[in-house]
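# Geometric and topological summary
If you want the building blocks of each chain, they are given just below.
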Amino acid sequence: MSARLNLRRNARFSGIPSEEAKSGTSRADQQPEVQNLNPPRKIWKIITTVVLLLILLLSGFYNKEWLKETRISQNTLELYDVLADYGFKLYQNQVRGRDSKGHQERLRMGTVDLKNNLREILALKEQINTLKAELNHAMKEINNFSLHADGDVREGQGRETVSDKEMSKMVNYVLKKLREDQVEMADYALKSAGASIVEAGTSENYKNEKAKLYWYGLGFLNYEMPPDVILQPAVHPGNCWAFPGPQGHAIIKLARKVIPKAVTLEHISERISPSGNITSAPKDFSIYGLRDECEGEGIFLGQFMYDKTGTAVQTFHLKVEVSEFLSCVKLKILTNWGHPKFTCVYRFRVHGNPESNM
């Protein structure tokens with residue numbers, strides 16, 4: 001320690017710096033140099049920013065003066081007005097077009113509802129005509145016979161007056177007949193009872209380009225009535241199964257095994273047909289019985305003809321009797337009444353003796 005103190009003292013008085021003094025002096029000299037390196041960089045950044053701001057201000061001032069001196073021509077202004085007016089009118093037309101499409105869709109739906117109502121009215125009118133015919137027939141019978149309280153029937157002298165009691169009996173009889181099924185036989189081809197269509201043995205549907213499903217007035221999917229519509233009691237114009245051409249077939253799996261005895265074919269009458277004719281109605285057809293597999297040609301049960309001038313519901317008793325219970329029946333349409341494109345089947349029924357009743 002004394003040696004170091006002596007060296008420092010000698011250095012102070014002699015003016016010769018010691019090593020520690022040298023190192024201390026160098027550190028003191030280096031620190032200002034490090035501190036003085038950052039200020040020049042900050043100054044340059046500030047200068048650059050100020051220059052850029054001045055450039056932007058000068059350019060903005062220049063553009064402002066140029067816009068003041070520049071005048072847009074009258075033709076250009078008129079062109080801008082025309083373009084703005086055209087764009088506004090185009091927008092108005094688009095809005096009106098959307099409104100008109102919605103209005104057209106509402107009109108179309110209203111037209112469909114009116115057509116359906118008209119069909120229902122025509123169907124009711126046909127029922128009224130049938131009721132009138134029944135009443136006329138009953139009136140003729142009443143005019144020819146006199147009804148007595150004891151139940152005897154005696155031929156009269158064309159009596160024209162009918163008592164209220166007799167008229168009430170007559171009306172109740174007619175209404176009862178109208179409420180009852182005209183066939184009065186069990187239908188084993190009824191879908192709600194368990195019957196179904198065997199798709200593999202049934203002709204393809206007729207594809208009608210006009211029958212489409214619509215969404216906001218745009219047709220996007222063809223709509224075809226399925227074959228099982230012939231197994232349902234809802235019979236009205238258009239609610240039928242259509243297949244291409246005059247020939248086609250359908251295999252029906254019955255609700256239960258039966259010994260077939262008769263079949264019933266139903267079509268709409270010409271009076272309620274929208275086209276005014278029923279040329280698409282089946283004409284000649286044949287019936288076949290199939291066993292459990294519901295495949296193949298089957299057992300021939302008879303060939304018949306649907307008379308389009310007859311009643312809408314026509315029952316045909318099978319010409320060939322079978323002793324075994326059958327699971328399926330095949331309806332084979334051979335011809336129609338002249339329609340070149342398709343044939344329509346509205347309803348088909350199968351009657352017979354079920355297995356449990358034998």
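Identification of the protein as SUN domain-containing protein 3 from Ornithorhynchus anatinus is taken from an unreviewed UniProt entry.

### A closer look at the nonpolar core
If you look at the biggest cluster of nonpolar residues, it comprises 32 residues, and the most contacted ones within it are Ile 230, Ile 252, Phe 285, Ile 287 and Phe 348. Looking at this core, the elements that each hand over two or more residues are strand 6 (241-244), strand 7 (248-266), strand 8 (284-290), strand 9 (299-305), strand 11 (326-333) and strand 13 (347-354). With 7 residues, strand 7 is the single largest residue contributor to this core. When residues no more than four places from it in sequence are discounted, the contact partners of Phe 285 are Val 263, Leu 265, Gly 302, Gln 303, Phe 304, Met 305, Tyr 306, Phe 316, Leu 331, Lys 332, Ile 333 and Leu 334. Ranked by size, the runner-up nonpolar core spans 9 residues in total, among them Cys 240, Ile 268, Ile 272 and Ala 281.

### Considerations on unusual backbone geometry
Its identity as a non-glycine residue notwithstanding, Cys 294 has a phi of 55°, on the positive side. Within the fold, Cys 294 resides in the loop between strand 8 and strand 9. On the accessibility criterion, Cys 294 (7% relative accessible area) is buried.

### As for the state of the cysteines
Should the sulfur atoms of two cysteines be covalently bonded, the bond is a disulfide. Within this structure, the stated rule accounts for 1 disulfide. The disulfide partner of Cys 294 is Cys 328, and the gap between their sulfur atoms is 1.7 Å. Judged by the sign of its S-S torsion, about 40°, the cystine formed by Cys 294 and Cys 328 is right-handed. One end of the pair, Cys 294, is in the loop between strand 8 and strand 9; the other, Cys 328, is in strand 11, and 34 residues separate them in sequence. The same class applies to Cys 294 and to Cys 328, which are both buried.

### Details of the pattern of salt bridges
For side chains of opposite charge, pairing can occur when their charged atoms come near one another. Within the structure shown, the criterion is met by 7 salt bridges. In this structure, the salt-bridge partner of Arg 291 is Glu 324, at a minimum N-O distance of 2.9 Å. Highlighted residues: Arg 291 in the loop between strand 8 and strand 9 and Glu 324 in the loop between strand 10 (313-317) and strand 11, separated in sequence by 33 residues. Here Glu 297 and Lys 332 are joined by a salt bridge, their closest N and O atoms 3.7 Å apart.

### Topic: the side chain of Ser 203
Relative to the helices and strands, Ser 203 resides in the loop between strand 3 (196-197) and strand 4 (212-215). From its side chain, Ser 203 meets the backbone nitrogen of His 249 in a polar contact 2.9 Å long. What Ser 203 contacts, discounting residues up to four positions off in sequence, is Trp 241, Phe 243, Gly 248 and His 249.

Conventions and cut-offs
- Residues numbered from 1 in each chain as written.
- Predicted model: local features only at pLDDT ≥ 70, side-chain atom pairs only at ≥ 80, totals over all residues.
- Heavy atoms only, no water.
- Core = buried A, V, L, I, M, F, W, Y, C linked by side-chain atoms within 4.5 Å.
- Buried < 20%, exposed > 50% of the residue type's maximum accessible area, 1.4 Å probe, protein only.
- Helix = DSSP H or I, 4+ residues; strand = E, 2+ residues; numbered from the N terminus.
- Contact = heavy atoms within 4.5 Å.
- Disulfide = S-S within 2.5 Å.
- Salt bridge = Lys/Arg side-chain N within 4 Å of Asp/Glu carboxyl O.
- Polar contact = N/O pair within 3.5 Å; in protein donor to acceptor, adjacent residues only side chain to side chain.

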